[in-house]
Amino acid sequence: MKKLASKGLLMSALICGNVLWGGTTVLANEVQEYDLDAVVVTATRTMKQIQEVPASVSVVTSKDIEERNVTTIQEALQYVPGLYMNQAKAQDGQIMLRGMDTSNILVLIDGVQLNNAYKGEVNFDQIPVEAIERIEVLRGAASSIYGGRAVAGVINITTKEATDKVNGDVVLSYGSNNTWKKSVQARAKVNNKWSFGVGYENSSSDGYRGYYRTAKAKSGTGTYSANLPVLSDGKTYVYGGRGEKQWKTENYNFNVKYNFNDSQSLKYAFNRSESEKKYVNPFSYVKDAAGNPVYNGTVTTQNGNKITIKTKDFFGYDNIDIRNIHSLTYNDEKNNLTASMSYAKDQISGFSSAPDGVTDINWTGAGDLSDHPGELYSLNIEKAWENVGNHTILVGGNYKQEEMIQHRFNLSKWHDHDSKLNEYATDSGKVKNTALFVQDEYKMNDKVTMYAGLRYDNYKKGDGHFWKDGAYDTTSKGESYNELSPKLAFDFKADENTNYYVSYGHSFNPAPMFEIYRYGGSGMGAVIPNPALDPETSDTFEVGMKQKLSDNTKFGINLYRIETKDKIAYTYFYNAAGVCTHKQYINYNEEKRRGVEFELNHKFDSNWSAYLNYAWQTGKTSGAVIPGTNKNQAYSGVADYTVPKHLLHSGIEYRNDKLNVLLDCQYVSERMSPDSATGEYGAEDAFFIVNTGLNYKLAKDVTLQFGITNLLDKEFYCKEATAGRTYNVGLRYSF
């Protein structure tokens, strides 16, 4: 498998990277994700050029989004160095930054947190890409000004505003698997005082077969016989799957802005997103004598052993999520003052499932619903004082409250979330966080600028309440934590084209609320809450360089190290007989991560440009023995194989007044142990894919768009099966 990874890396460099040294292949015009002249605010909360920021920052603009033909935020983000998007679960928002998932990444839209209260996850479908002006991705510790979650970094999404009179976009696209997207986004500046924006997007897809079912064989003879695909262990058989994963989303957004004068404004924004996901058309490779598919029973395999299949295992879940976000922001540019408040409510967020013991594959009767709506209240204020001697001082405060409730109901019809019969269990909890922060940007001399920041957080876990009809009715006691998160960074301007930086930052990340307050039932088994769960803490060290090699060539490199303590682990607990009594999230181990990120952008002439970025990253964990659990052996420095060790992105673009053509190459190494089998269901394969995009202006305001993902139709697995080659074609009307 290491040979496969090496070959894939070499192929990426040869096929895509050679363009940087005179090759003739092509991709996206003046790629903005590493423009050293671009102005960003995420890293320091003050406006700075990327060249001068003592951190690793990338920018994705609305122009990039349009020219790359991306349809989701995840797709737009996958071009960023150090960021991995799961190719099998992109629609579920599964991304990693520096090897960490979204529970360790703070995601903001116009300053409002998108991470949900329940798991800290992000439903990127909430935001239509056509509404986005820019995305800033800050890599590295940012808790000193952003608090919890900002461990791997911050993804800050800014939406478009009205610039002059009426403007907007209408997009209609169609693609593989009957995937449709219809979007209308409009903005208007009524006069010097009032402006507003409104938008609607509807997307849907029939999906593809990605989730298969497997079973380990035992000795014996079954009722049916089948010749089934078998995995490399010789014991595990693939006997069918859940079918296609259909999805549809709707998004409504509205904002209105009032300008008191040239520098002071008040803006209200509302966003509502509705999404549904479900599996349809389950299939079985087991047939009876008449050739009909079999979904329940025992099966003799071609190797003479036996597996058992159950109808319930062919069913998936019916997911429904409805979220409303309200925000109100006051901005005083003249006095560098910003104040905002926001309220986000997961009105519905849950899934239904069929009961155990069902034998009818067309079952539409009774079932179970787990619904976990959440709420998030936030209040922020910050002010900057510029040119206080050689200092720029930033002071701010934040109050945040998150609530989680998990309701479990019996349903009369498992596909119908409204067919509730009775509620049989409830888990609930609340957390509050109050914070103050200060940052001093001190220009020590013409070449050296120091950034010193400190944040104080008072984090309080409220009392929890756990109830199940006829089983238990208990509470947990709240607990408070006080955490200081310092940050110290230096930027050294060697000359007009070269900057070096070094930084240290401390981060803390409270556990997602479901790990603290939730009882898990159904297929999860006896998962119990852990109200005593402590936040994880991390220390990040980073050094880097940014350089303009010429007017057309920009280069950057950084090295980082992250040390995490009190890392949370999912743990099985056993009794003396070796039977699992319960499962629980606990503070267990420590982890050390290291990485290198490199990026190079070059513009050959007015038509041709290219980019290359690469990340090497690794994680190693250590933990002690906990008797009576699955943590029954001490270990030190064991590799975290879920972290992709190599991420390579390279591409070229040709662009003229009417035509834009993009060729993008991506290599990702395996995310599993070196001795694991590859190229089969359940594997986290290394993969090399080529993506293309084309935009052609049919008229001044009308653009034909065409894109192909996985042009070479590579077959690989990201736990689940991936979609193979897919395409989309669309029309964009801009006015």
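For the structure itself, consult the block above.
One structure accompanies this document, and this report is about it. No experiment lies behind these values; they were computed from the predicted model shown.

For the rest of this paragraph, the subject is the overall build of the chain. A count of helical and extended segments in the chain gives 5 helices and 42 strands. Here the C-alpha atoms of the chain give a radius of gyration of 26 Å, agreeing with the 27 Å that 2.2 N^0.38 yields for 735 residues. The principal-axis extent of the C-alpha atoms belonging to the chain is close to 80 × 60 × 55 Å. Here the chain holds 735 residues, and the buried ones make up 54% of them. Restricting to contacts in the chain with at least 6 residues of sequence separation, those with at least 24 account for 67%. Looking at the chain as shown, the accessible area adds up to about 31,200 Å², and 53% of this sits on carbon and sulfur atoms. Distance from the positive charge centre (80 side chains) to the negative charge centre (86 side chains) of the chain: 2 Å.

If you walk across this open sheet you meet the 3 strands as S14-S18-S19, and the pairing is mixed. Of all strands in the sheet, those bounded by a partner on one side alone are strand S14 (224–225) and strand S19 (306–309). With 4 bridges joining them, strand S18 (residues 297–300) and S19 adopt antiparallel strand pairing. Looking at the pairing, Val299 lines up with Ile307 of S19.

Evaluation of the coordinates by the stated rule reveals 30 aromatic pairs. Where Tyr504 meets Phe541, the ring centres are 5.2 Å apart and the plane angle is 40°; that geometry is what we call tilted. You can see Tyr504 sitting in strand S30 (residues 498–509) and its partner Phe541 sitting in strand S31 (residues 536–550), a full 37 residues away along the chain. Phe541 gets classed as partly exposed once you look at its relative accessible area, which sits at 37%. What links up through ring pairs into an aromatic cluster is the set Tyr118, Phe514, Tyr570, Tyr572 and Tyr585. A cation over a ring is seen here: Lys119 above Phe514, with NZ or CZ 5.1 Å from the ring centre. Taking NZ or CZ as reference, Lys420 lies 5.3 Å from the ring centre of Phe409, over its face.

Counted by the stated rule, this structure contains 31 salt bridges. The residue Glu130 makes a salt bridge to Lys181 at a minimum N-O spacing of 3.0 Å. Of this pair, Glu130 sits in the loop between strand S7 (112–113) and strand S8 (132–139) while Lys181 is found in strand S11 (residues 179–189), placing the two residues 51 residues apart along the sequence. Taking relative accessible area as the criterion, Lys181 reaches 5% and is therefore assigned buried. One salt bridge in this structure joins Lys160 and Asp169, with 3.4 Å as the shortest N-O distance. There is no split in this pair, since Lys160 and Asp169 are both buried. Three or more residues joined by partner-sharing salt bridges are found here, namely Glu130, Lys160, Asp169, Lys181, Arg187, Glu201 and Arg732.

So, on to the sheet that holds S8. Taken in spatial order, the 5 strands line up as S3-S8-S9-S6-S7 in an open sheet, and their pairing is mixed. Pairing within the sheet leaves two strands with one partner each, and these edge strands are strand S3 (56–61) and S7. As paired elements, S8 and strand S9 (residues 153–159) share 7 bridges and run antiparallel to each other. Bridging from a neighbouring strand, Leu138 pairs with Val154 of S9.

Quick look at the nonpolar core now. Formed by 36 residues in total, the largest nonpolar core has its most connected members in Ile73, Leu77, Ile135, Ile155 and Ile157. Contributions of two or more residues to this core are made by helix H3 (73–77), strand S4 (83–85), strand S5 (95–97), strand S6 (105–109), S8, S9 and strand S32 (553–574). Every residue in contact with Ile135, bar those within four places of it in the chain, is listed here: Ser58, Val59, Val60, Ile73, Ala76, Leu77, Ile155, Asn156 and Ile157. Core analysis: the second largest hydrophobic core is formed by 19 residues, Ile50, Ala55, Ala384 and Leu394 among them.

Reading guide: rules and limits
- Residues numbered from 1 in each chain as written.
- Predicted model: local features only at pLDDT ≥ 70, side-chain atom pairs only at ≥ 80, totals over all residues.
- Heavy atoms only, no water.
- Helix = DSSP H or I, 4+ residues; strand = E, 2+ residues; numbered from the N terminus.
- Rg over C-alpha atoms; globule rule 2.2 N^0.38 Å.
- Buried < 20%, exposed > 50% of the residue type's maximum accessible area, 1.4 Å probe, protein only.
- Contact = heavy atoms within 4.5 Å.
- Areas by Shrake-Rupley, 256 points an atom, 1.4 Å probe, with all protein chains shown as cover.
- Lys, Arg positive; Asp, Glu negative; His and termini not counted.
- Charge placed at Lys NZ, Arg CZ, Asp CG, Glu CD.
- Pairing = 2+ DSSP bridges.
- Phe/Tyr/Trp six-rings, centres within 6.5 Å; stacked < 30°, edge-to-face > 60°.
- Lys NZ or Arg CZ within 6 Å of the ring centre and 35° of its normal.
- Salt bridge = Lys/Arg side-chain N within 4 Å of Asp/Glu carboxyl O.
- Core = buried A, V, L, I, M, F, W, Y, C linked by side-chain atoms within 4.5 Å.

The analysis is restricted to geometry; functional conclusions fall outside its scope.
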